[in-house]
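Survey of secondary and tertiary structure
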Amino acid sequence: MAPLPDPALVVLIGPSGSGKSVWAAEHYRPHEVVSSDRLRAVVGSGEHDLDASADAFALLDHIVAARLRRGLTAVVDTLGLDSARRRGYLELARSSGMPAAAVLVDTDPAECRRRNRARDQGVPAAVLEGQLRRMRTVVEEIRGEGWDLVTTAGPARPEASHTPGARAAASEQRRRPVQMGLVLQLSRFAWDEDPEGPAHWLAEVARAAAEAGLQGIALMDHLIQIPQVGRAWEPIPEPWVTLGMLAGLEPGLRLGTLVTPVTFRAPGILAKTAATLDALSGGRSFCGIGAGWWAREHAAFGLPFPPAATRLDELERAIETLRALWQPGTKEYRGSRVSLPETTCYPRPAAPIPVIVGGSGEKRTLDIAARLGDGCNLPADLATLDRKLAIFRGYCRAAGRDPAQAEITVLDIPVIGRDREDAASIVEKLRGRTTAAAFARSHHAGTADDHIGRYRLLADRGVQTVFVALPDLAGPEDVLRLAPVAAAFA
């Protein structure tokens, strides 16, 4: 059974008493369902005020058109037996670029009659019989009207259009689970709302990450809060200092940056910093590293910001320097890009520190990641990921490296709600001037089960770690929403 696209136009078709309104309420939010009966109560004296029908349907048509123009789901809860009206709704969907689904609520006629008799104001028996006869002919009409999907109400469920196949993938994960790590990416620091201060807020978030079953915590490395996350005057702590504090809190968490720009620290200092964190954490650190991208923070802090080609050269030199200073012994190092008279860097890392190259530039960054990194960090959007993965794996093979030996990680910024209503409320709170439909699509808004399906699709592509940045993270309770997702891949 194909899932119902969401967002979409959904037209319910069935006689009185078939259960259309009940089915709609079980699967959609109240504002998504446009009911002719309820609109009669708005423009007339009640749901059974037939004199108000013309005005109710005019209002219904206006609401459906407005929602479709905005890319929002509209579930039309009428009898759906009028072919002219159906074609009108279908044309609205086509003009708005929205998928259109016809849902047949084909309840047993005897049950429709029983429900009608039990109502305080049922439709006349002769009217209901006419609807039941009409229902038998409607099925064939609909199949020739050009709907994107014609289905029956029983097994039909909405599935977010931004990740087709997620529901089937979630079922597959339950039947045949695969492992994948989730790491909390901290990009917002709402510690001003904690009366006990920043250290307490961070400690509580770390404890929640461990409780939720996450593998670790990653911090952005920025000097000013980036506009994609918040306002410039919001706190963005120095990450390596902060990671040092976190190292003493939860002994099971991996800790690192995603990602440190090579323009911020001399490579040798970064090597010393990461090695110290690894020693303090008992071998749990990783080092995300990249070429940097934001000129503003460099200017504000008096740091050079050379052209991209130069920064990428520095990225290659930085990774080689890290490797040299983390190797055993103190001997001289002579490499292809770096020469050091000695490699005296103590404490040594307690375990090999994975170097994750952030950035997805197809000409050089992915090539550097393939040749010099232990892994890469790519966007989580499936279409983009597929393209980048093909290029990255090609660079691995060109370098004589088995692509399976490189860790594939992605950065994901999902909206995760307790249910569809909660996910929609998060979207509305965060979207700013972006339309709700566009924001929901870009952040894959959905429930934990929706994201389990998405992440299974990532795992099937070879992704081993998802860095998850919650756009609405305010405190530890928000981190716990990731628990069912982490548990599914533990």
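Everything below is about the structure printed above this text.
Please read all numbers here as calculations on a predicted model, not as lab measurements.

1. As for the pairing of strand β2 (residues 9-13)
Along β2, five of the five residues are buried, which leaves the element largely enclosed by surrounding structure. Burial of the side chains of β2 extends over both faces: Leu9, Val11 and Ile13 are buried on one face and Val10 and Leu12 on the other. As judged from the three bridges shared by β2 and strand β4 (residues 74-77), these two strands associate in the parallel manner. Looking across to β4, one finds that valine 11 is bridged to valine 76. Direction of pairing for β2 relative to strand β5 (residues 100-104): parallel, over a ladder of five bridges. Across the sheet, leucine 12 pairs through a bridge with valine 103, a residue of β5.

2. Overview of the packing of helix α12 (residues 308-326) against helix α13 (residues 365-372)
Closest axis-to-axis distance for the α12/α13 pair is 10 Å, and the angle between their directions is 15°. With respect to α13, the element α12 is oriented roughly parallel. Remark: the crossing between α12 and α13 carries right-handed chirality. For the pair α12 and α13, the contacting residues are Leu312, Leu315, Glu316, Ile319 and Arg323 in the first and Thr365, Ile368, Arg371 and Leu372 in the second.

3. Let's talk about the sheet that holds strand β10 (residues 254-261)
Working definition: the strands of a sheet are paired by backbone hydrogen bonds and lie parallel or antiparallel to each other. Here we have eight strands rolled up into a closed barrel, ordered β8-β9-β10-β11-β14-β15-β16-β19, and parallel in their pairing. Between one strand axis and the next, the sheet turns through 25° on average, direction left out of account. As judged from the five bridges shared by β10 and strand β11 (residues 285-290), these two strands associate in the parallel manner. Its bridge partner lying in β11, leucine 255 is registered against serine 285. Across the sheet, helix α10 (residues 267-281) is in contact with β10 and β11; its angle to β11 comes to roughly 155°. Strands in contact with α12 are β11 and β14 (355-358); relative to β11, the strand with the most contacts, it is inclined by about 155°.

4. Side note on the sheet that holds β5
If you trace the five strands from one edge of the open sheet to the other, you get β3-β4-β2-β5-β6, paired in parallel fashion. At either margin of the open sheet sits one strand with a lone partner, and together these are β3 (33-35) and β6 (149-152). Taking the axes of each pair of neighbouring strands and ignoring which way they run, one obtains an average angle of 20° across the sheet.

What counts, and at which threshold
Residues numbered from 1 in each chain as written. Predicted model: local features only at pLDDT ≥ 70, side-chain atom pairs only at ≥ 80, totals over all residues. Heavy atoms only, no water. Buried < 20%, exposed > 50% of the residue type's maximum accessible area, 1.4 Å probe, protein only. Helix = DSSP H or I, 4+ residues; strand = E, 2+ residues; numbered from the N terminus. Pairing = 2+ DSSP bridges. Axes fitted to C-alpha atoms, helices over the stretch in contact; angles between N-to-C directions. Parallel < 35°, antiparallel > 145°, perpendicular 65-115°, else oblique. Left-handed = near helix turned anticlockwise from the far one by under 90°. Contact = heavy atoms within 4.5 Å.

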